[in-house]
Amino acid sequence: MVEETKLSVSDFMYPLFLLEGKGKKTEVDSMPGIYRLSIDLMLKEIEACMNLGINAFDVFPVVDEKHKDKMASISYEEEFFYNQALKKIKETFPEACIMTDVAMDPYSTDGHDGIVDENGNILNDETLDVLGNMALTQAEMGADIIGPSDMMDGRVEFIRDVLDDNEFENTSIMSYTAKYASAFYGPFRDALDSAPKSGDKKTYQMNPANQREAIIEADLDEEEGADFLMVKPALAYLDVIKLLNDNYDLPIAAYNVSGEYAMIKAAGQKGWLDPQAAMMESLLSIKRAGANVILTYFAKEAAQVLKANK
Ligand code: PBG
């Protein structure tokens, strides 16, 4: 009766890693229990998740080196396997909520989220065109939520304009509003083979020391037309989740990232803590801090626990 916070399977969004081809499944070494899947197997996985009540998915592509270039030009080709997969998923499960990723890093020979010049600088404004093209193709494929994870300034307004000009007024944008330059993304970069080839992401991702800056970013995103504000990572930034939830009426999302998943899994494998209890406590804490949407690699496992406890 007096419990203030309750987790529900409808809080979760499940990130998935897509492989090119058919019949392919490889485990991510640093994320036990998480697999890169080709589209045929991903459709089966989505069906299994939907049977558990998970209705929202965020799909990331694993892009072979041969497809990469400096401008991420393959990212907005309709025939590219990621875009075709989005279309297939939406056709097969029209009732599922499909989020996409907008950033150059999986497609870029530089491994950065934006265009890199000859001096190693990230070109914010020039990158917006590429991001707009990606977002438009993804919307055409049927994506419900566009997820710009690139942290270039002005991208929410730019993408919103491109979508509206092409009659995708109903496609939402979940802005990665306060995305910190974090060490907790390591396993994700292994999964996608998308680590920066040189330098780091500190010129566009936020400094972990800063909380007030999240307010500046959130003001901009709200003004530019974001439909959700996201904080990332989640566990080390619960104060930022609370700050945004206290100050904005938009839904707040939190990304419980790959490193946060890996830590619990690794300690669990060593028998150093109870991984299932630690998983449920982490997710509950993210919700308690104020997140309405939790992107988490634990989605399927936590859904099974919630179902068993019903
Ligand atoms: C890149 C992107 C990253 C994640 C989602 N999109 C990594 C990065 O910024 O280097 C991280 C997700 C995770 O660690 O689970 N655009």
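For the structure itself, look to the data block above.
Calculation criteria
- Residues numbered from 1 in each chain as written.
- Predicted model: local features only at pLDDT ≥ 70, side-chain atom pairs only at ≥ 80, totals over all residues.
- Heavy atoms only, no water.
- Helix = DSSP H or I, 4+ residues; strand = E, 2+ residues; numbered from the N terminus.
- Rg over C-alpha atoms; globule rule 2.2 N^0.38 Å.
- Buried < 20%, exposed > 50% of the residue type's maximum accessible area, 1.4 Å probe, protein only.
- Contact = heavy atoms within 4.5 Å.
- Core = buried A, V, L, I, M, F, W, Y, C linked by side-chain atoms within 4.5 Å.
- Near = heavy atom within 4 Å.
- Polar contact = N/O pair within 3.5 Å; in protein donor to acceptor, adjacent residues only side chain to side chain.
- Areas by Shrake-Rupley, 256 points an atom, 1.4 Å probe, with all protein chains shown as cover.
- Axes fitted to C-alpha atoms, helices over the stretch in contact; angles between N-to-C directions.
- Left-handed = near helix turned anticlockwise from the far one by under 90°.
- Nonpolar A, V, L, I, M, F, W, Y, C, P; charged D, E, K, R; others polar.
- Phe/Tyr/Trp six-rings, centres within 6.5 Å; stacked < 30°, edge-to-face > 60°.
- Lys NZ or Arg CZ within 6 Å of the ring centre and 35° of its normal.
- Salt bridge = Lys/Arg side-chain N within 4 Å of Asp/Glu carboxyl O.

## Some remarks on the overall build of the protein
A tally of helices and strands in the protein yields 10 helices and 12 strands. At 18 Å, the protein has a C-alpha radius of gyration in line with the 19 Å of a compact globule built from 310 residues. Summarising its shape, the C-alpha atoms of the protein cover approximately 55 × 45 × 40 Å along the three principal directions. A burial count over the protein gives 57% of its 310 residues as buried. Nonlocal contacts in the protein, meaning residues at least 24 apart in sequence, comprise 74% of its contacts between residues at least 6 apart.

## Describing the nonpolar core
Judged by nonpolar contacts, the single largest core of 107 residues is most densely connected at F17, F57, M174, I241, Y255 and L295. With sequence-adjacent residues up to four places away left out, M174 is seen in contact with M13, M99, I145, I146, G147, P148, F228, M230, A253, V293 and L295.

## A short note on the site of the ligand
Residues in close proximity to the ligand total 17 residues, the closest being K179, R189, K232, S258 and Y297. Between the ligand and D105, the relevant distance is 3.2 Å, taken from a nitrogen atom to a side-chain nitrogen or oxygen of the residue. K232 places a side-chain nitrogen or oxygen 3.4 Å from a nitrogen atom of the ligand. Alone, the ligand offers 400 Å² of accessible surface; in the complex the protein occludes 100% of this.

## Re the side chain of H112
As for its placement among the helices and strands, H112 is situated in the loop between β5 (97–102) and β6 (115–116). Classification of H112 as buried rests on a relative accessible area of 4%.

## Here we look at the packing of helix α1 (residues 39–51) against helix α2 (residues 81–92)
Closest axis-to-axis distance for the α1/α2 pair is 11 Å, and the angle between their directions is 35°. Both α1 and α2 take part in a crossing whose hand is right-handed. Here I39, M42, L43 and I46 of α1 lie close against α2, whose contacting residues are A85, K88, I89 and T92. Here the contact of α1 with α2 is built from residues that sort into six nonpolar, one polar and one charged.

## Regarding the packing of aromatic side chains
Taken as a whole and judged by the stated rule, the model has 11 aromatic pairs. The interplanar angle of 85° and the centroid separation of 5.1 Å between the aromatic rings of F60 and F188 together place this pair among those described as edge-to-face. Of this pair, F60 sits in strand β4 (residues 56–61) while F188 sits in helix α5 (residues 186–192), and the two are 128 residues apart along the sequence. Taken as a pair, F60 and F188 share a single burial class, namely buried. Among the aromatic side chains, those forming a connected cluster through ring pairs are F17, F60, Y176, F188, Y255, Y261, Y297 and F298. One residue, K25, lies across the ring of Y35, its end atom 4.5 Å from the ring centre. If you follow K232 out to its NZ or CZ, it ends over the ring of Y185, 4.8 Å from the centre.

## Comments concerning the side chain of K90
Within the secondary structure, K90 is located in helix α2. Accessibility expressed as a relative area gives 14% for K90, which makes it buried. A polar contact is formed between the side chain of K90 and the backbone oxygen of P94, at a distance of 3.0 Å. A polar atom in the side chain of K90 sits 2.6 Å from the backbone oxygen of A96. With sequence-adjacent residues up to four places away left out, K90 is seen in contact with A96, I98, M141, G142 and D144.

## Focus on the pattern of salt bridges
Here the structure, examined in full by the defined rule, presents 15 salt bridges. E3 is paired through a salt bridge with K6; the nearest N and O atoms lie 3.8 Å apart. Like K6, E3 is exposed. As a salt-bridge pair, D150 and R155 come within 3.4 Å of each other at their nearest N and O atoms.

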